[in-house]
Structure formats: C-alpha cells, structure tokens
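Geometric and topological summary
Single-letter residue listing:
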Amino acid sequence: METPEHQRLAEELSVTPWERAVILAAQLLFGLIARTLDCLLLMVRPRLLRAYGALWWAQVLASPYRWPRSFEAVRLVKQSGQSLRELMYGEAPVFSAVWLLWRAGVRRGSNVLDLGAGRGRVLLAARWLGAEATGLELRPEHVQPVRRVLQRVGARLEVADGLQADLGRPDVVFLNWCAFSPQTRTRLTRRLECLAPGTRVIAVAAPVESAGFRRRSQGWSLMTWGPARVTLHQREEPVH
C-alpha cells in the first residue's frame with residue numbers, strides 16, 4: 001500500500017521534459033569532450049587508463065545520471081537531511097581534477113579526500129599525481145560497481161555520509177557541491193571547520209563561506225556539466 005510519504009517522495013523525483021532535454025544535451029556534449037581529454041591524459045598512466053575504462057563501462061551498464069528510484073535510496077537521502085535534487089549527478093573530469101589538485105599543491109605522497117566522490121574520477125586524478133586518494137559517497141549504487149576497480153590502482157571509495165563521517169587529516173579536500181542546498185552547504189562547512197589548519201579545500205560552484213578559511217585563488221574549470229567556478233581555500237589557525 002502506498003503511503004502519503006511514498007507519494008510525496010515520488011513527486012520529488014519528477015523532472016520536467018525541458019529539464020530532461022537540457023541534462024541529456026549537456027551530458028552528451030561535455031561528456032564527449034571530457035572523455036576525449038581524459039583518455040589523452042591517462043595514456044601516460046596505462047593502469048589508470050584501464051581503470052578509467054572500467055569506470056566508463058560501469059556507467060554504461062548503470063547510468064549514474066538517473067534519479068534514484070528505489071525507496072531505500074530515497075530513504076537514505078532523507079536520513080542524511082538532503083533532498084533528491086541535491087543528488088543531481090556531475091563529476092570533475094580527470095584532466096580538470098589533475099590541474100585543480102596540482103594547483104592546490106598535491107604531489108606524490110599527499111593525502112586527498114573527495115567528498116561526494118560519485119564514481120571516483122577525482123580519485124584517479126589524485127593517483128595520477130601520486131597522492132593517496134580517498135572518496136566518500138552517500139549512494140551505494142555509485143560505489144559498488146567501481147570500488148574494486150579503484151582499489152586495484154590504490155584509491156579507496158567508501159559509502160559514507162560526509163556530513164557525519166570522520167574526515168581524517170587530508171592535505172586537500174575536493175568538494176563538488178554544485179547541487180547542494182544552502183542548508184546542506186552550511187552543515188558541511190561546519191564539518192570542514194574541524195579540519196586541521198593548513199588544509200586546502202577545492203570548492204566547485206560555490207566558495208566556502210567561513211571566517212576559518214582564506215581564499216587563495218578563484219577561476220573557472222570544465223566539469224561534466226559545463227564550465228564551473230572553482231575556489232581554492234586554506235584552513236586558517238583558529239583565532240582565540
């Protein structure tokens with residue numbers, strides 16, 4: 001029997017035909033550009049290129065661009081305090097992530113954390129630079145098809161809620177929160193304020209609004225949905 005809660009969640013899953021058309025067109029165009037440039041970059045790292053191919057094949061078999069349909073997936077999102085529209089899928093291409101991570105100071109031996117890692121392209125970028133790479137992703141259906149592939153190249157992708165999980169002590173955090181609501185960004189900012197001084201945060205689409213972070217640079221970079229503004233922050237020493 002369908003409850004009012006089921007009905008309300010089903011209504012939130014609906015997307016207008018215009019939104020579907022725009023999402024599909026952008027996905028095809030930028031996906032083609034990004035995939036071509038990614039492959040050219042990864043040709044110098046054959047193991048990572050093979051992993052990238054496996055990630056792409058997993059995407060063909062189970063597209064991450066579809067809205068979650070199962071009640072369990074919706075329940076998981078609601079439990080985190082987010083809305084379904086905040087799960088609109090989009091990742092940084094590997095070539096963009098390599099450039100952004102390098103500018104943030106990522107080198108061999110650095111520790112990179114990707115919050116909301118999706119299928120793990122940023123993790124491949126971190127490994128391209130020789131860094132340790134960990135990704136946290138809320139939705140199991142993103143993680144399960146690619147977890148072992150990433151493990152084979154030294155990256156770790158885990159099912160976890162970045163609003164609650166232990167963030168550890170990364171050198172650089174990659175934060176693609178383009179679809180997050182202002183409320184979710186505020187909650188996540190409070191988590192970022194627990195990071196160690198000196199930690200750099202790469203924020204895609206919107207800067208981190210906190211006195212505890214200094215903006216080091218700002219610019220534009222190509223994402224799977226198109227150009228996006230990217231801000232590099234650094235965690236400052238707390239003022240007592």
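Parameters and conventions
- Residues numbered from 1 in each chain as written.
- Predicted model: local features only at pLDDT ≥ 70, side-chain atom pairs only at ≥ 80, totals over all residues.
- Heavy atoms only, no water.
- Helix = DSSP H or I, 4+ residues; strand = E, 2+ residues; numbered from the N terminus.
- Buried < 20%, exposed > 50% of the residue type's maximum accessible area, 1.4 Å probe, protein only.
- Axes fitted to C-alpha atoms, helices over the stretch in contact; angles between N-to-C directions.
- Parallel < 35°, antiparallel > 145°, perpendicular 65-115°, else oblique.
- Left-handed = near helix turned anticlockwise from the far one by under 90°.
- Contact = heavy atoms within 4.5 Å.
- Nonpolar A, V, L, I, M, F, W, Y, C, P; charged D, E, K, R; others polar.
- 1 Å grid on protein atoms, 1.4 Å probe; cavity = no way out; pocket = protein on both sides within 12 Å on 5 of 7 lines; lining within 4 Å.
- Points joined across faces, edges and corners; volume = space filled by probe spheres on them.
- pLDDT = per-residue confidence, 0-100.
- Pairing = 2+ DSSP bridges.

Quick word on unusual backbone geometry
Within the chain, Ala205 stands out as a residue other than glycine whose phi angle is a positive 85°. Looking at the element boundaries, Ala205 is found in the loop between β5 (200-204) and β6 (213-223). Look at Ala205 and you get partly exposed, because its relative accessible area is 36%.

So, the packing of helix α5 (residues 94-103) against helix α6 (residues 121-128)
For the pair α5 and α6, the least separation of the axes is 8 Å and the interaxial angle reads 55°. Taken together, the axes of α5 and α6 lie oblique to each other. Taken as a pair, α5 and α6 cross one another with a handedness that is right-handed. Residues Val94, Ala97, Val98 and Leu101 of α5 form the contact with α6, whose own contacting residues are Arg121, Val122, Leu124, Ala125, Ala126 and Trp128. Classifying every residue of the contact of α5 with α6 by side-chain character gives nine nonpolar, no polar and one charged.

Describing empty space enclosed by the protein
Under the defined criterion, the tally for this structure stands at two cavities of 30 Å³ or more. Quantified by volume, the second largest cavity comes out at close to 80 Å³. The biggest single contributor to the lining of the second largest cavity is helix α3 (residues 46-61), with four residues. Residue composition of the lining of the second largest cavity, by class: three nonpolar, one polar and four charged.

Observations concerning the confidence of the model for the protein chain
Detail in the predicted coordinates should be disregarded across regions flagged by low pLDDT. Scored by pLDDT, the protein chain comes out at a mean of 85, with 80% of its residues at no less than 70. Per-element confidence in the protein chain ranges from a low mean pLDDT of 46 for helix α1 (residues 4-12) to a high of 98 for α6.

Some words on the pairing of strand β7 (residues 226-235)
Across the 10 residues of β7, eight count as buried, placing the element largely inside the fold. Where β5 and β7 come together, five bridges link them in antiparallel fashion. Its bridge partner being in β7, Val204 is matched across the sheet by Val230. Sheet topology note: the β6/β7 ladder contains 10 bridges and is antiparallel. Opposite Arg214, over in β7, you have Gln234 as the bridge partner. Between β6 and β7, which follow one another and run antiparallel, lie two residues.

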